[in-house]
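Reading the structure
Here is how the chains run, residue by residue.
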Amino acid sequence: MPDLLTILTNLAWPFAICIAWMAGEFGKRWTGLPRISFYGIVGFALASTQIGVLPASTSGTGTVLFMADVAFGLILFELGYRINLRWLRMNPWFAMASLVEALGTFVAVYFVALWFGVTTMTALMLASLAMSTSPATVVRIINEQRSSGQVTERVLHLSAINCVLSVFTFNVIVGFWLFHSSSDIGDATINSLVALLISGVIGAVFGVVVPAMLRHLGNLAQDATVAFALAVILIVSITYTMHLSPVMATLAFGLTARHRRVAFSGAQRNFGALGELLTVLLFVYAASTLEWRELMAGGALAVTVVIVRLLTKTLGVTVFSQLSGISWRKGVLTGLALAPVSVFVILLLEHARSRGIDVQELRSMAAVTMMLEVFGPIIIQRALIWARETTEA
């Protein structure tokens, strides 16, 4: 008979997911706030040293991390499926806005971090992570609110572009960190670019093969959800085994599937019950990796980074709003809706830790993550409602 401690350990994650789901459902009903904000609160609370139901940190090779990666991959596939490359080509000012707000965020956060006295390398990593916008939060809130319109579409496209730019920059800096030599920065840049390109090719191949197989079977509408979910699991496994980018691969998979004219039915949004379950696990896991000591240690810098990041992104998008075809007001709301950053950063840091990077120096990013784990979904929800693009408008 297994001892009581082993039994409780084995039951910890299933009970945590159930508690988080119930907190999300009741919290949404009582307050109207996004469910995922409550998932984050539960994950952080259950992993805290005071309660200790979940471990404070999870090994980079654990089963829970892999399931979180799969959940993130499913969301990235859906995000990639909703990206319209033709629209980006027809609206160059929007593409310019995305580059300006991402670059502006990088520069602003970098100098803020230096002003607080952190090392140059840590400041660079903080800046690269701050560029991102969490697609998990964006897609989840947009689906939950049943949002559609100019702000919604721009936030989706900007979050995808931010992810790619952040992954590229982060991998370059990690490569530089590992070699500790300025002569290796060129190799790190090339390696990061090659890894993104190979990852994109892998995703594109799946985006061609899977729809072709479904058409051959004649069950395109009926079996698409299972087939695409299995393909995402394979892509995540392949890219991590080969030390490539699952972010780029799953985005490319969804993008290619869209342009192969594969139509999703309403039931396939969020990948049904499977997607809902894995989303709960993803946000609980992300919050469970954070610790009180890390949050307190990086508190002042974190608050400053959150404010500077939000201002920079909002300004970068707003400046180009009328040139790209929307009003100043919707430009501001689009910038505000780029607030979420949490899950994307957590997964990048967990895999950086598995590569030997000392992420303890990034305590301030942990504090940023926790703040935006709870408040990021609320900010984007409010922005979409103020833009009158939701069913609650």
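Whatever comes next refers back to the structure up there.
What you see is a predicted model, and the numbers here were worked out from it, not measured in a lab. (Residues numbered from 1 in each chain as written. Predicted model: local features only at pLDDT ≥ 70, side-chain atom pairs only at ≥ 80, totals over all residues. Heavy atoms only, no water.)

Our focus in this paragraph is the nonpolar core. By size, the foremost hydrophobic cluster in this structure holds 112 residues, and its most contacted members are F72, F228, F253 and L282. Setting aside anything within four residues of it in sequence, one finds L282 in contact with A68, A71, F72, I75, A136, V343 and L347. (Core = buried A, V, L, I, M, F, W, Y, C linked by side-chain atoms within 4.5 Å. Buried < 20%, exposed > 50% of the residue type's maximum accessible area, 1.4 Å probe, protein only. Contact = heavy atoms within 4.5 Å.)

Let us look at the environment of V247. For V247, the location among the structural elements is in helix α11 (residues 246-259). Exposure remark for V247: the relative accessible area of 8% places this residue in the buried category. Residues V247 and I235, spaced 12 residues apart in sequence, show a C-alpha to C-alpha distance of 9.8 Å. In this view, V247 contacts F72, L76, C163, V167 and F344; residues no more than four positions away in its chain are not counted. (Helix = DSSP H or I, 4+ residues; strand = E, 2+ residues; numbered from the N terminus.)

All right, on to the packing of aromatic side chains then. As enumerated under the stated definition, the model contains 10 aromatic pairs in all. Each ring, one from F206 and one from F253, has its centre 6.2 Å from the other, and the planes form 70 degrees; the classification is edge-to-face. Linking F206 in helix α9 (residues 185-217) with F253 in helix α11, this pair joins segments that are 47 residues apart in sequence. Across the pair, F253 and F206 agree in class, each one buried. One aromatic cluster is present, built from ring pairs that chain together F77, F206, F228 and F253. (Phe/Tyr/Trp six-rings, centres within 6.5 Å; stacked < 30°, edge-to-face > 60°.)

Read these as geometric descriptors, not functional statements.
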